[in-house]
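Observations on the three-dimensional arrangement
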Amino acid sequence: MTTNTLVEGEYEIWRNDQWRVTNHVLEEVADPGLAGPPYWIRLSDLHHRDWPRQVCEKNWVDPVKFVEAYHTAAEIAGFTPDEVELQRVLSGAASGER
């Protein structure tokens, strides 16, 4: 059984059904029925342009929920997301191009 745990000094800031943002990471909300650790990205690494495409290519990811979480995490991390790339990712997911 996998759960999301907080490390010392970490706290949750925001959450939707699939993702949460802490003061350290953007992290998948773990499904207790699945084995393995939740998927996560350090906020300090989130500015790399390929994250949205890379994450949304995974068949278990809801792209709309990820982009929502990504926007929140970007704001907390202090950078502006590439909106053109995010729209490209969402358009590709909507057309089945994962």
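Preceding this section is the structure that the text describes.
Reference entry: report on the structure contained in this document. (Residues numbered from 1 in each chain as written. Predicted model: local features only at pLDDT ≥ 70, side-chain atom pairs only at ≥ 80, totals over all residues. Heavy atoms only, no water.)

All told, the structure shown has five aromatic pairs when counted by the stated rule. Taken together, a centroid distance of 6.2 Å and an interplanar angle of 75° make the contact between Tyr70 and Phe79 edge-to-face. (Phe/Tyr/Trp six-rings, centres within 6.5 Å; stacked < 30°, edge-to-face > 60°.)

What follows deals with the side chain of Glu28. Tracing the chain through its elements places Glu28 in strand S3 (residues 25–28). Nearest to the buried, unbridged Glu28 among oppositely charged side chains is Lys58, at 9.7 Å. Sequence-distant contacts of Glu28, defined by excluding residues within four places in its chain, comprise Asn4, Gln18, Trp19, Pro38, Tyr39 and Trp60. (Helix = DSSP H or I, 4+ residues; strand = E, 2+ residues; numbered from the N terminus. Buried < 20%, exposed > 50% of the residue type's maximum accessible area, 1.4 Å probe, protein only. Lys, Arg positive; Asp, Glu negative; His and termini not counted. Salt bridge = Lys/Arg side-chain N within 4 Å of Asp/Glu carboxyl O. Contact = heavy atoms within 4.5 Å.)

Below, the discussion takes up the sheet that holds strand S2 (residues 19–22). Taken in spatial order, the four strands line up as S1-S2-S3-S4 in an open sheet, and their pairing is antiparallel. Of all strands in the sheet, those bounded by a partner on one side alone are strand S1 (12–15) and strand S4 (40–42). Direction aside, the axes of adjacent strands within the sheet are offset by 15° on average. Of the strands in this sheet, S1, S2, S3 and S4 touch helix H2 (residues 63–77), which is tilted by about 5° from S2. (Pairing = 2+ DSSP bridges. Axes fitted to C-alpha atoms, helices over the stretch in contact; angles between N-to-C directions.)

The subject of this paragraph is the nonpolar core. Grouped together as the largest cluster of nonpolar side chains are 17 residues, with contacts concentrated most on Trp19, Leu26, Leu46, Val55, Phe66 and Tyr70. Mapped onto this core, the elements with two or more residues apiece are S2, helix H1 (51–56), H2 and helix H3 (83–94). Here this core gets five residues from one element, more than from any other, and that element is H2. Residues within four places of Leu26 in sequence aside, it is in contact with Trp19, Arg20, Val21, Tyr39, Trp40, Ile41, Leu43, Leu46, Phe66, Ala69, Tyr70 and Ala73. (Core = buried A, V, L, I, M, F, W, Y, C linked by side-chain atoms within 4.5 Å.)

To continue, consider H3. In this model H3 runs 16 Å from its N-terminal to its C-terminal C-alpha over 12 residues, within 8% of the 16 Å that 1.5 Å per residue would give. Listing the buried residues of H3 in full gives Glu85, Leu86, Val89, Gly92 and Ala93. All buried residues of H3 project into a common sector of 125° when viewed along the axis, lining one side. Set apart from the buried face of H3 by more than 90 degrees, the exposed residues are Val84 and Ala94. Against the buried residues of H3 lie H1 and H2. Where H3 begins, the side chain of Asp82 points an oxygen toward the backbone nitrogen of Val84, at a separation of 3.1 Å. (Expected span 1.5 Å × (residues − 1). Arc of directions from axis to C-beta. Polar contact = N/O pair within 3.5 Å; in protein donor to acceptor, adjacent residues only side chain to side chain.)

Moving on, we come to H2. Within an α-helix, residues lying three or four positions from one another point in the same direction, as the helix has 3.6 residues per turn. Taking 1.5 Å per residue as the helical rise, H2 with its 15 residues ought to reach 21 Å, and the 20 Å between its terminal C-alpha atoms agrees with that figure. Where H2 is buried, its residues contact S1, S2, S3, S4, H1 and H3. Here H2 starts with a cap whose side-chain oxygen sits 3.0 Å from the backbone nitrogen of Val64, and that cap is Asp62. Just past H2, the residue Gly78 takes up positive phi, approximately 85°.

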